[in-house]
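Survey of secondary and tertiary structure
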Amino acid sequence: MALRAHISERQRRYGTEIRRLRLDADVPVQVAAAHIGIRGPQLNHIEAARTGLDEERLRSLAAFYGCTDEEFLRTLAAIGASDGKGWWSRHKRKVPDFALDLAELEHWTTAAYLNYETFLIPGMLQTEDYMRQLFGTGETPLSPDEIADTVRFRLERQQILDTSTTFHFVVHEAALLMTFAGRHVMRNQLAHLLALAEKPNVTVQIFPFSVRATPPYSGPFLLTEPASRALSTVVIDTPGVPISYAQPETVNTFRGRFEALSRLALGPGSAGTSALPDSERDSWGVIQHIKHGLELER
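Nothing here was measured: the structure is a model prediction, and the numbers come from that model.

Moving on, we come to the pairing of strand β4 (residues 221-225). Side chains on a regular strand alternate between the two faces of the sheet. In terms of burial, β4 is a largely internal element, 5 of the 5 residues being buried. Across the two faces of β4 the burial is the same, with F221, L223 and E225 and L222 and T224 all buried. Direction of pairing for β4 relative to strand β5 (residues 233-236): antiparallel, over a ladder of 4 bridges. Bridge assignment links F221 to a residue of β5, and that residue is I236.

The following block contains the structure:
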């Protein structure tokens, strides 16, 4: 079988997990390869994601390594069997490869989607006008055609909000006050944010300026959880290209950071409870207050 010229994040994760199973079981590569009737160099290629492995051999290796987590094996087998083609394939060569990898990663996020943002509204919650202003400004603004392609891609990504996945966003209050998009666009963006916060599978919390405790982490990041939590991934938003981490210890660290941020943030609130006379300050109320201020500035 020819070796892959391009390796996607999904393929890389599949190979990484097979290698981790072997290393955790402390089995030499030659011994593991012989168990499924292949040579050591071929198993090395599989672990490096340069080629794949069928489900029967995957399960044989897993049993040899002592792995009995059926949810993990079922999810890993599905990831390995995927041809990598989905709605995102239509956008190939129109958006960067890392964006396609992110969309494919989100496709496997069937359990939970945790996102912390500092200065921007999370991409999953952005309006089309907000996106256009965002992509058209900055140090390297996109061309009109690039903006159109990127907006279409992001809007299609947002369709996963209509699945059964649980979405939890913690957004710094600073993101609500950014003015680069203009007051009209920002007012509509905040109204959209309030509407999405009412969805049963979406939680939006605001991390207010008033928090005195030092935040456990200051940069934006995303944590995706598929059916098997052991296959969770952390994506750190960095200038240029986001960085993904799959190591369990790194994922657990960021999960702990998100939980700490959520504890420090205001409660979610809702249209039905936040306007009550004796209600405490909450996220829905903060968003509504800032939106109302923008309306008064017309």
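So, next bit.
Core analysis: the largest hydrophobic core is formed by 37 residues, its most contacted members being F169, L176 and V204. The contact partners of L176, leaving out residues within four places of it in the chain, are I121, M186, L190, L193, I206, V286, I287 and I290. Of all hydrophobic cores here, the second largest spans 24 residues; its members include I36, Y65, L73 and W108.

Time to look at the layout of surface pockets. Reported here for the largest pocket is a volume of approximately 1400 Å³. Lining the largest pocket are 42 residues, and of these L120, L134, F135, R154 and D237 sit closest to its centre. At the level of secondary structure, the elements contributing two or more residues to the lining of the largest pocket comprise α6 (97-107), β1 (112-117), α7 (128-135), α8 (144-157), β4 and β5. The dominant element in the lining of the largest pocket, judged by the number of residues it contributes, is α8, at 5 residues. Looking at the lining of the largest pocket residue by residue, the classes come out as 25 nonpolar, 10 polar and 7 charged.

Glancing now at the packing of aromatic side chains. What the rule picks out here adds up to 10 aromatic pairs. Among the aromatic residues, ring-to-ring pairing joins Y116, F221, F254 and F258 into one connected group. Above the plane of the ring of F254 lies R257, whose end atom (NZ or CZ) is 4.7 Å from the centre.

A few words on empty space enclosed by the protein. Applying the stated criterion to the full structure yields 1 cavity of 30 Å³ or more. Considered as a void within the structure, the largest cavity measures approximately 60 Å³ in volume. Lining the largest cavity, in full, are R4, R10, Q11, Y14, G15, I46, A49, T51, G52, I79 and G80. Of all the elements in the fold, those that place two or more residues in the lining of the largest cavity are α1 (9-25) and α5 (70-81). Its residues assigned to classes, the lining of the largest cavity shows 4 nonpolar, 5 polar and 2 charged.

Now for the side chain of D101. Residue position: D101 is located in helix α6. Excluding its chain neighbours within four sequence positions, the residues that come into contact with D101 are S8 and E9.

Two numbers describe how α1 lies on helix α3 (residues 40-47): the axes approach to 7 Å, and their chain directions differ by 125°. The orientation of α1 relative to α3 falls into the category oblique. Contacts between α1 and α3 involve G15, T16, I18, R19 and R22 from the former and L43, I46 and E47 from the latter. Across the contact of α1 with α3, the residue classes break down as 3 nonpolar, 2 polar and 3 charged.

A separate point is α5. Helix length check: α5, at 12 residues, gives a terminal C-alpha distance of 16 Å against a target of 16 Å (1.5 Å per residue), a fit within 8%. Of the positions making up α5, those classed as buried are F72, L73, T75, L76, A77 and I79. Looking at the packing, one finds that the buried side of α5 touches α1 and α4 (55-65).

The phi torsion at D26 lies on the positive side, around 55°, for a residue other than glycine. Summarising the element assignment, D26 is placed in the loop between α1 and α2 (29-35). Overall, the relative accessible area of 68% leaves D26 in the exposed class. Located in the positive-phi region is R93, a residue other than glycine, with phi close to 70°. Counting through the fold element by element, R93 comes out in the loop between α5 and α6. The class of R93 is exposed, set by a relative accessible area of 75%.

Each value, and the rule that gives it
- Residues numbered from 1 in each chain as written.
- Predicted model: local features only at pLDDT ≥ 70, side-chain atom pairs only at ≥ 80, totals over all residues.
- Heavy atoms only, no water.
- Buried < 20%, exposed > 50% of the residue type's maximum accessible area, 1.4 Å probe, protein only.
- Helix = DSSP H or I, 4+ residues; strand = E, 2+ residues; numbered from the N terminus.
- Pairing = 2+ DSSP bridges.
- Core = buried A, V, L, I, M, F, W, Y, C linked by side-chain atoms within 4.5 Å.
- Contact = heavy atoms within 4.5 Å.
- 1 Å grid on protein atoms, 1.4 Å probe; cavity = no way out; pocket = protein on both sides within 12 Å on 5 of 7 lines; lining within 4 Å.
- Points joined across faces, edges and corners; volume = space filled by probe spheres on them.
- Nonpolar A, V, L, I, M, F, W, Y, C, P; charged D, E, K, R; others polar.
- Phe/Tyr/Trp six-rings, centres within 6.5 Å; stacked < 30°, edge-to-face > 60°.
- Lys NZ or Arg CZ within 6 Å of the ring centre and 35° of its normal.
- Axes fitted to C-alpha atoms, helices over the stretch in contact; angles between N-to-C directions.
- Parallel < 35°, antiparallel > 145°, perpendicular 65-115°, else oblique.
- Expected span 1.5 Å × (residues − 1).

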